[in-house]
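So the chains spell out like this:
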Amino acid sequence: EDGYRLWLKYDLIGDVAKRQAYARSAQFIASSGTDPILKTATRELQLGLQGLLGKAIPVLTSAGNRTGGIVLTVTTGTDSQSLAPEGYRISANNRTITISGKTSAGVLYGAFALLRQLQTQQPLEAISLTSSPKVQFRMLNHWDNVDGSVERGYAGMSLWKWYELPERVDPRYRDYARANASLGINGTVVNNVNASARFMTAEYLQKVAALADVFRPYGIKVYLSVYFAAPKTLGGLKTSDPLDPQVRKWWADKVKEIYQTIPDFGGLLVKANSEGEPGPQDYGRTHADGANMLAEAMKPYDGVIIWRAFVYKAADTSDRPTADRFKAAHEEFTPLDGQFDKKVIVQVKNGPIDFQPREPFSPLFGNMPKTPLGIEFQITQEYLGFATHMVYEAPLFKECLEADTYVNGKGSTVASIVDGSLHRYSKTLMAGVANAGSARNWTGHPMAQANWYAFGRLAWDHTLSSEAIAREWIAMTLTQDRQATSRIANLMMKSRDIYVDYNTPIGLSRPWSGVHFAPEPWQNRSSRPDWTAVYYHRADSLGLGFDRTASGSNALAQYRPDVRRQWEDPKTCPLPYLLWFHHVPWTQKLSSGKTLWTELCTRFYTGADSVRWMQQEWALVKPAVDPAIHADVSARLATQHKEAIWWRDAWVLYLQTFAKEPIPAPFKKPDRNLEEVQQLVNIYLLR
Ligand code: BDP
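Residues numbered from 1 in each chain as written. Predicted model: local features only at pLDDT ≥ 70, side-chain atom pairs only at ≥ 80, totals over all residues.

1. With respect to the overall build of the protein
Move 1: Of the regular secondary structure elements, the protein holds 20 helices and 16 strands.
Move 2: Here the C-alpha atoms of the protein give a radius of gyration of 26 Å, agreeing with the 26 Å that 2.2 N^0.38 yields for 687 residues.
Move 3: Projecting the C-alpha coordinates of the protein onto the three principal axes gives extents of approximately 80 × 65 × 50 Å.
Move 4: Excluding contacts between residues fewer than 6 apart, the proportion of contacts in the protein whose partners are at least 24 apart in sequence is 71%. (Helix = DSSP H or I, 4+ residues; strand = E, 2+ residues; numbered from the N terminus. Rg over C-alpha atoms; globule rule 2.2 N^0.38 Å. Contact = placed C-beta atoms within 7 Å.)

Set out below in structure tokens:
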């Protein structure tokens, strides 16, 4: 097993009685019409059933009076009225299973849902499933570049072979589309948000069109990230000012050209005035001016403008003691609420800083009731140990989605904002920064496939539980052995907390410079203060943590009183967020009963030790998992363990220079000293 088939393995069902029972319900598939997506649904169902049942299933144009088969149908009848456009219903009646949807995409998602029932060995006889996506735009964002590299990608090179396209179309593109469609993902941004204007050239639009042709029958639209200064660099204009008539015309013509090349193009994603990228503020204009200009160009078409809220201006802490990168997006965007065109969705990262292993939810959620806010998660493990650490991300996604903003009283969860129910948004979006690359198994770490899977499932239905998703994925990908499934699910469920413990416990964040791998908490020099590690943890002789209460940066004022009150009191602030909001004395007793220093050491040491536990648990499932996959994960766990100890050592030895306390019993003091561990980290930073 090389992992290429992801969760779409369709191996023969071993239990003969079960297989025969399924076969009795799947004697034929009835499906008619020429709709390409419906044809995909039929073909996928046929392919899956053939593998699972070990025999060819005939496709008929109509069931006639035959029973014992599966009927695919696009219908607007009463049966489907309660469905969203892409929802599906699966029902069994008179020994016939019907998969219906209002659109062919709905039927496609229903077909995959039916296959999932077989893959997870659920009974079919009385099947009755109705499901509609909670979010309209369910997208992957690829940070892929023209040269084939992937920003923050750890699974080989880009999937897209730009130099071969459009003439050669790698068969892998279709397998990518299948995997996404099986989850309900319906959009993909193929290029990096730090965008090259080359993607806007006629030459590259042809290449993107070739991808769109592959994705279309799977219900997936392509989107592009734009370089805001393209009118200047590509168009030869003197300016890229969004209020300049020539610039507006340039974009209108460009969007027209895009739609001539890709008639069902999805839309544009924009990173502007962020981390050195150009944007409307270069001309004294606002984010709304920039977004609305593109929206105007998009007016004749169906597409959307997705404008990112990941922004932060230079935080010069010397003359603005209340400056805090945490507050930047809220400060820049909330005054613009109500000013964005109807075609615009503002895409907000889950947390206020940047995809940290644990962040409080972004205070933008709830504070822009007139602007559809989409959420952006990061699937690729930029801050989660790249491709050597096993971190199952569903609990991280869910922690944010389930967080209560209190904007309309209790129960105003981030999910209820993102799915549009709270503010009645006209558009809803969930995006995940992709972790797929050219690695044979797509994601580098075999277990990282589960993160792609979990993102897709949650984008469809954020109420699914992390554990249910894990179990589903395990059954489809790794094993159907019950004991092994429970063991692996347990391991996955604990993996994120374990990672946080040896990396950024109790609300520490961003102990890195550019590489974002091994912590360098001592790192104190950079072109901007908020690109140092000390900016975030603020360790000194008194204590540790960033004071974001009224006596500090007052970022907490961006949250509703119910949230703020709980978090601004160190006694009621949940431990996982404590150092996000408070500068806590080393000897302070925490709610756990331990002092800060002892609690920190406990976390770092137990976290690293828990990787040993992960190794042991993984060893026990060996008989139930494919040997090649098992060996791959075992080896990565060994690396993870080594690195966890090293990261723990880096932190405790460094923090000890401020806390001036011994390592508390029963923990052993590290075998190396601070200089030695710094050497180790420095090697990572060598060019
Ligand atoms: C940060 C990454 C950087 C991205 C940026 C973004 O380090 O590579 O360009 O986010 O989201 O996490 O724009």
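After that view of the structure, there is still more to cover.
2. Description of the sheet that holds strand E5 (residues 96-101)
Move 1: Read across the sheet, 6 strands follow the order E2-E1-E3-E5-E4-E6 without closing on themselves; strand pairing throughout is mixed. In this open sheet, the two edge strands, each paired with only one partner strand, are strand E2 (59-60) and strand E6 (128-131).
Move 2: Note: strand E1 (residues 29-30) against strand E3 (residues 70-74), 2 bridges, orientation parallel. Looking at the pairing, Ala-30 lines up with Val-71 of E3. (Pairing = 2+ DSSP bridges.)

3. Digging into the sheet that holds strand E12 (residues 344-349)
Move 1: A barrel is described by the order of its strands in space; here 8 strands give the closed sequence E7-E8-E9-E10-E11-E12-E13-E14, paired in parallel fashion. The mean inter-strand angle of the sheet, taken between neighbouring strand axes irrespective of direction, is 25°.
Move 2: Pairing between E12 and strand E13 (residues 373-378): 4 bridges, direction parallel. From the neighbouring strand, Lys-349 faces E13, where its bridge partner is Glu-376.
Move 3: Where helix H8 (residues 287-298) meets the sheet, its contacts fall on strand E10 (267-270), strand E11 (304-308) and E12, and the angle it forms with E11 comes to roughly 160°. (Axes fitted to C-alpha atoms, helices over the stretch in contact; angles between N-to-C directions.)

4. Some thoughts on the nonpolar core
Move 1: Counting residues in each nonpolar core, the largest one holds 211 residues, and the members touching the most others are Ala-111, Val-208, Val-270, Leu-294, Ile-305 and Val-346.
Move 2: Not counting the four nearest positions on each side in its chain, Val-346 is found in contact with Trp-307, Ala-309, Phe-333, Phe-340, Met-368, Thr-371 and Leu-373. (Core = buried A, V, L, I, M, F, W, Y, C linked by C-beta atoms within 7 Å. Buried ≥ 20, exposed ≤ 12 C-beta atoms within 10 Å, placed from the backbone.)

5. Looking at helix H13 (residues 466-477)
Move 1: In this model H13 runs 16 Å from its N-terminal to its C-terminal C-alpha over 12 residues, within 8% of the 16 Å that 1.5 Å per residue would give.
Move 2: Burial within H13 is extensive, with 9 of its 12 residues counted as buried.
Move 3: Where H13 is buried, its residues contact helix H3 (104-119), helix H10 (394-401), helix H12 (449-460) and helix H14 (482-503). (Expected span 1.5 Å × (residues − 1).)

6. Some words on the domain arrangement of the protein
Move 1: Splitting the protein by domain gives domain 1 (16-131), domain 2 (137-477) and domain 3 (501-546 + 583-685).
Move 2: The centre of domain 1, based on its C-alpha atoms, is set 49 Å off from the matching centre of domain 3. (Domains from an automatic or database assignment.)

7. Examining the pairing of E11
Move 1: Burial analysis of E11 places 5 of its 5 residues in the buried class, the great majority of the element.
Move 2: The alternating pattern of E11 places Val-304, Ile-306 and Arg-308 on one face and Ile-305 and Trp-307 on the opposite face, and all of these are buried.
Move 3: Pairing geometry for E10 and E11, over 4 bridges, is parallel. Directly across from Val-270, in E11, lies its bridge partner Trp-307.
Move 4: Crossover connection from E10 via H8 to parallel E11: handedness right-handed. (Right-handed = clockwise from strand over helix to strand, strands pointing away.)

8. Topic: unusual backbone geometry
Leaving glycine aside, a negative phi is the common case for residues, and trans is the common case for peptide bonds.
Move 1: Following Leu-165, the chain continues into Pro-166 via a peptide bond in cis, with omega recorded as 0°.
Move 2: In this structure, Glu-275 is a non-glycine residue whose phi angle is positive, near 50°.
Move 3: In this structure, Phe-355 is a non-glycine residue whose phi angle is positive, near 50°.
Move 4: Within the secondary structure, Phe-355 sits in the loop between E12 and E13.
Move 5: The exposure class of Phe-355 is buried, given the 23 C-beta atoms found within 10 Å.

9. Focus: helix H5 (residues 202-215)
Move 1: In a regular helix each residue adds 1.5 Å, so 14 residues correspond to 20 Å; H5 covers 20 Å between its end C-alpha atoms and thus fits that length.
Move 2: Regarding H5, the residues found buried are Tyr-204, Leu-205, Lys-207, Val-208, Leu-211, Ala-212 and Phe-215. All buried residues of H5 project into a common sector of 155° when viewed along the axis, lining one side. H5 presents Ala-202 and Glu-203 as exposed residues on the side facing more than 90 degrees away from its buried surface.
Move 3: Packed against the buried residues of H5 are helix H4 (172-183), strand E8 (187-189), strand E9 (221-226) and helix H7 (245-261). (Arc of directions from axis to C-beta.)

10. Here's the deal with the environment of Glu-617
Move 1: With respect to the helices and strands, Glu-617 occurs in helix H18 (residues 596-620).
Move 2: Judged by local crowding, Glu-617 falls into the partly exposed class, with 16 C-beta atoms found within 10 Å.
Move 3: Measuring from C-alpha to C-alpha, the distance between Glu-617 and Leu-491 comes to 7.5 Å, with 126 residues separating the pair along the chain.
Move 4: Those residues in contact with Glu-617 that lie beyond four places of it in its chain are Arg-487 and Leu-491.

11. Digging into the packing of H7 against H8
Geometry of a packed helix pair, given as the angle between the helix axes and the separation of the axes.
Move 1: Between H7 and H8, the least distance of the axes is 8 Å, while the angle of their chain directions is 45°. The orientation of H7 relative to H8 falls into the category oblique. The handedness of the crossing between H7 and H8 comes out as right-handed. Between H7 and H8, the residues in contact are Arg-248, Trp-251, Ala-252 and Val-255 and Met-293, Leu-294, Glu-296, Ala-297 and Met-298, respectively.
Move 2: Across the contact of H7 with H8, the residue classes break down as 7 nonpolar, no polar and 2 charged. (Parallel < 35°, antiparallel > 145°, perpendicular 65-115°, else oblique. Left-handed = near helix turned anticlockwise from the far one by under 90°. Nonpolar A, V, L, I, M, F, W, Y, C, P; charged D, E, K, R; others polar.)

12. Side note on the UniProt feature "domain: Glycosyl hydrolase family 67 C-terminal" (unreviewed entry) in the protein
Move 1: Using the residue numbers shown here, the UniProt feature "domain: Glycosyl hydrolase family 67 C-terminal" (unreviewed entry) corresponds to residues 443-665.
Move 2: Along residues 443-665 one finds 54% helix and 2% strand; the C-alpha atoms at either end are 40 Å apart. (UniProt positions renumbered as here; feature names shortened; annotations may be inferred.)

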